[in-house]
Amino acid sequence: MGILEKIAEVEKEISRTQKNKATEYHLGLLKAKLAKYRAQLLEPSKSAGVKGEGFDVMKSGDARVALIGFPSVGKSTFLSLMTSTASEAASYEFTTLTCIPGVIEYKGANIQLLDLPGIIEGAAQGKGRGRQVIAVARTADVVIMMLDATKGDVQRELLEKELESVGIRLNRRKPNIYFKPKKGGGLSYNSTVPLTQCSEKLVQLILHEYKIFNAEVLFREDCSPDEFIDVLVGNRVYMPCLYVYNKVDQISIEEVDRLARQPNSVVIRSLNLDYLLEMLWEYLALICIYTKKRGGTVKCHRIHRTLASQFKYALVWGTSTKYSPQRVGLTHIMEHEDVIQIVKK
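Not measured: the values here are computed from a predicted model.

A. Local environment of the side chain of Ser 165. Tracing the sequence through the fold places Ser 165 in helix 5 (residues 152-165). Of the residues examined, Ser 165 reaches a relative accessible area of 12% and is grouped as buried. In terms of polar contacts, Ser 165 uses its side chain to reach the backbone carbonyl oxygen of Glu 162, at 2.7 Å.

In structure tokens, the structure reads:
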């Protein structure tokens, strides 16, 4: 039996198992098996040939944004409007077959925007160019999910399911669980809060499925078995996502209002792209810091990473200080458009 057949069998077993107190251990074990099979599915094949053309895109700029969605929802047109890059657009599906990069210049930052080929249902199992698309999406700082407003809810659910199955967690943070394998001593299980979803027996069963018999586990919040498996597997990616609804001129004003009020959502036409850029900047959480040489003028340029080891102190002007200039150390948190002068050892 192949990996795909094993995944289908476990998913079928989960769907027909009633969720109650008596079946929680059985369901937890099934979810652990499912996560293990999916991880095996995503491992690169040893017999893999030449890499797919257009997917070896070097990360550049200050941030990377992945533009994903089903075929023909307007991704290529969006890329052309937001950047100076021309991506082929047409009314038929699968116009974009490779990963096309563009650059958005906004508030002094260069944001790399990747127009990925349309994801189809079953992408996580390798249909279409699903695996390559998802592999690139995992390297992004923010995902923009482009949706057709006329069928937005259906597309959104399918895409979230595909990304969830390959370990991409949208608009969620990493569970606050400490996990460390040990060489001996059995299982050390503790929690700082009352747990309602994960008992010691269930944690032990999940660990045994992964052939882990000695470990230290500390729950700092009430987490589900799925969240514990995410921490155990360790290859999950947590990233913010903006749901962008296109083609809003084909739906009623009431439906536009409903979509616009959903969390992390923006409805667009070519007229309100400025608002989308503001939202994207907020999700990227980038700030612009100006540097200043002693006795010199304020400039904006990148600082080399080796400077941290030579850092003695810094003088900061701006909203992050109580007075200007303020002498600060490495732990000082800068704010947007602050000015910094670094003094080396």
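There is more to say, and it comes next.
B. Summary view of the nonpolar core. Judged by nonpolar contacts, the single largest core of 57 residues is most densely connected at Phe 78, Leu 116 and Met 145. Examining the composition of this core, we find that 8 residues originate from one element, helix 9 (residues 273-284), more than from any other. The next biggest cluster of nonpolar side chains, apart from the first, holds 21 residues, and it includes Leu 187, Leu 202, Val 203 and Leu 207.

C. Inspection of the side chain of Arg 236 at higher detail. Mapped onto the secondary structure, Arg 236 falls in the loop between helix 7 (225-233) and strand 9 (237-239). Within the structure, the side chain of Arg 236 is placed 2.8 Å from the side chain of Asp 230, a separation counted as a polar contact. A polar atom in the side chain of Arg 236 sits 3.1 Å from the side chain of Asn 235. In this structure, Arg 236 is in contact with Ala 35, Gly 167, Arg 169 and Asp 230, ignoring residues within four places of it in sequence.

D. Fine view of unusual backbone geometry. Put simply, Ser 324 and Pro 325 share a cis peptide bond, and its omega is -10 degrees. Mapped onto the secondary structure, Pro 325 falls in the loop between strand 14 (311-317) and strand 15 (326-328). You will see that Lys 247, though not glycine, has its phi angle at about 60 degrees, which is positive. Within the secondary structure, Lys 247 is located in the loop between strand 10 (241-246) and helix 8 (253-260). Classification of Lys 247 as partly exposed rests on a relative accessible area of 26%.

Each value, and the rule that gives it
Residues numbered from 1 in each chain as written. Predicted model: local features only at pLDDT ≥ 70, side-chain atom pairs only at ≥ 80, totals over all residues. Heavy atoms only, no water. Helix = DSSP H or I, 4+ residues; strand = E, 2+ residues; numbered from the N terminus. Buried < 20%, exposed > 50% of the residue type's maximum accessible area, 1.4 Å probe, protein only. Polar contact = N/O pair within 3.5 Å; in protein donor to acceptor, adjacent residues only side chain to side chain. Core = buried A, V, L, I, M, F, W, Y, C linked by side-chain atoms within 4.5 Å. Contact = heavy atoms within 4.5 Å.

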